[in-house]
2 protein chains.
Amino acid sequence: MKRKPSIEATDAWTRLMRVQSRVLGAVEQDLKKEGFPPLAWYEALLELSLAPSGELRPVELERQMLIPQYSTSRLIDRLVDEGLAVRRECQKDKRGQYVEITEAGRTLQKNMWNAYAAAIERHVGCKLSDADAMKLCELLDQLGCSCDGATANRREAVSSR
Amino acid sequence: MKRKPSIEATDAWTRLMRVQSRVLGAVEQDLKKEGFPPLAWYEALLELSLAPSGELRPVELERQMLIPQYSTSRLIDRLVDEGLAVRRECQKDKRGQYVEITEAGRTLQKNMWNAYAAAIERHVGCKLSDADAMKLCELLDQLGCSCDGATANRREAVSSR
DNA sequence: TCAAGATTGATGCAATTGCATTTAGTTGTT
DNA sequence: AACAACTAAATGCAATTGCATCAATCTTGA
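These remarks concern the structure in this document. (Residues numbered from 1 in each chain as written. Chains lettered and ligands numbered in written order. Predicted model: local features only at pLDDT ≥ 70, side-chain atom pairs only at ≥ 80, totals over all residues.)

## What about the protein's contact with DNA strand C?
Lining the immediate surroundings of DNA strand C are 18 residues, of which Val59, Tyr70, Ser73 and Gly96 of chain A together with Lys94 of chain B lie closest. At the level of secondary structure, the elements contributing two or more residues to the surface near DNA strand C comprise α3 (58-65) and α4 (69-81) of chain A together with α4 (69-81) of chain B. The element best represented in the surface near DNA strand C is α4 of chain A, accounting for five residues. In the surface near DNA strand C, the residues fall into six nonpolar, five polar and seven charged. (Near = placed C-beta within 6 Å. Helix = DSSP H or I, 4+ residues; strand = E, 2+ residues; numbered from the N terminus. Nonpolar A, V, L, I, M, F, W, Y, C, P; charged D, E, K, R; others polar.)

## Observations concerning the protein's contact with DNA strand D
In the vicinity of DNA strand D lie 18 residues, with Lys94 of chain A together with Val59, Tyr70, Ser73 and Gly96 of chain B positioned nearest. Breaking the surface near DNA strand D down by element, the ones donating at least two residues are α4 of chain A together with α3 (58-65) and α4 of chain B. Among the elements that take part in the surface near DNA strand D, α4 of chain B stands out by supplying five residues, more than any other. Taken together, the residues of the surface near DNA strand D break down into six nonpolar, five polar and seven charged.

## Description of the relation of the copies chain B and chain A
Each copy of the sequence occupies a distinct position, and chain B is placed on chain A by a rotation of 180 degrees and an axial shift of 0.0 Å, giving an RMSD of 0.1 Å. Taken together, the turn and the small shift mark the pair as related by a two-fold rotation axis. A shared binding surface is used by both copies, with 100% of the interface residues of chain B retained as interface residues in chain A. (Least-squares fit on C-alpha atoms with pLDDT ≥ 70 in both. Contact = placed C-beta atoms within 7 Å.)

## Regarding the pairing of strand β3 (residues 97-101) of chain B
The sheet contact formed by strand β1 (residues 55-56) of chain B and β3 of chain B spans two bridges and is antiparallel. Pairing of Leu56 of chain B across the sheet is with Val99 of chain B, part of β3 of chain B. (Pairing = 2+ DSSP bridges.)

## Details of the interface of chain B and chain A
Where the parts come together, the accessible area they lose is often given as the size of the interface. Opposite the 47 residues of chain B that make contact, chain A presents 47 residues. The set of elements that each furnish at least two residues to the side of chain B that touches chain A consists of α1 (7-33), α5 (103-123) and α6 (130-144) of chain B. Counting residues per element, the side of chain B that touches chain A draws most heavily on α1 of chain B, at 17 residues.

The structure is reproduced here in structure tokens:
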């Protein structure tokens, strides 16, 4: 127990932290400059838009997005405030509810995807060959132990996002 | 302009975001469980401890750590409040100041490194061969366009941290 | 069937962040 | 010297986060 990491592992750790923070910052800033809300809104709208009949339980959204329960609750508050989603009652489970994306929500999601895709291309895509990107995925997956779910299961949906 | 990213690039982006957030969360939580302050404190203490005579200008710390100016200012406030650093007047430039690490600061930095190193090993090191870690660094560096500075310049110091 | 325990979602409160601005001091130009 | 432009650091304020807890409902297993 308590073995020390190799220099290589430590470097990988450092770069993982620094590079993602830079890249994320750059992408978020691009979106903001074009007047769009934070990425988390996009993620939520995407999940909702892909769900059957455009609705999800908050708890499902929470699991997809890997964020804490109270974050989900407040994110939904904001989406609802902006008219991007509505809360609907859930008859199966009266503790719960459904959150349904609105037309405005779908529209925003699509518009954001344009800007978002361009930003990904600008800050990731054009710096990496497809082969390198795949290799990077592999290596990251070794760390993640399951980045799975989310993206993989609905590969078909990607082109339409 | 405005070309769309490939599936591979998009996947790499997604994994970069998700994996670092998981790994960071896991490491931070390990540290917290052992009663240590946030990682940012460690980073700052490390920078200070490596600086000649253990002191830096806030603006230098800011550049090393890649955080906004006001964050640095407040981080220093906290370190000073806890007796881990002291503010010293800067005669060369009276707008500025020096921040000097205290003995308590150096001690905490060393203690944190034990826990931190173990956490890196647990969440990164043991999941990746050294060769894979190096490859990961390379790929991330392609994105970062300069993760450089910080770590690379003072490789000698690493074993002693 | 009923109590114990688990799950869903919201929320009060304190701590932290982000933004914009302020204060103070420095530098460069004429 | 005088002024404009710039840099260093702090801070007020609003927004966001994290934590703990709550209320309501469900599940279960004796």
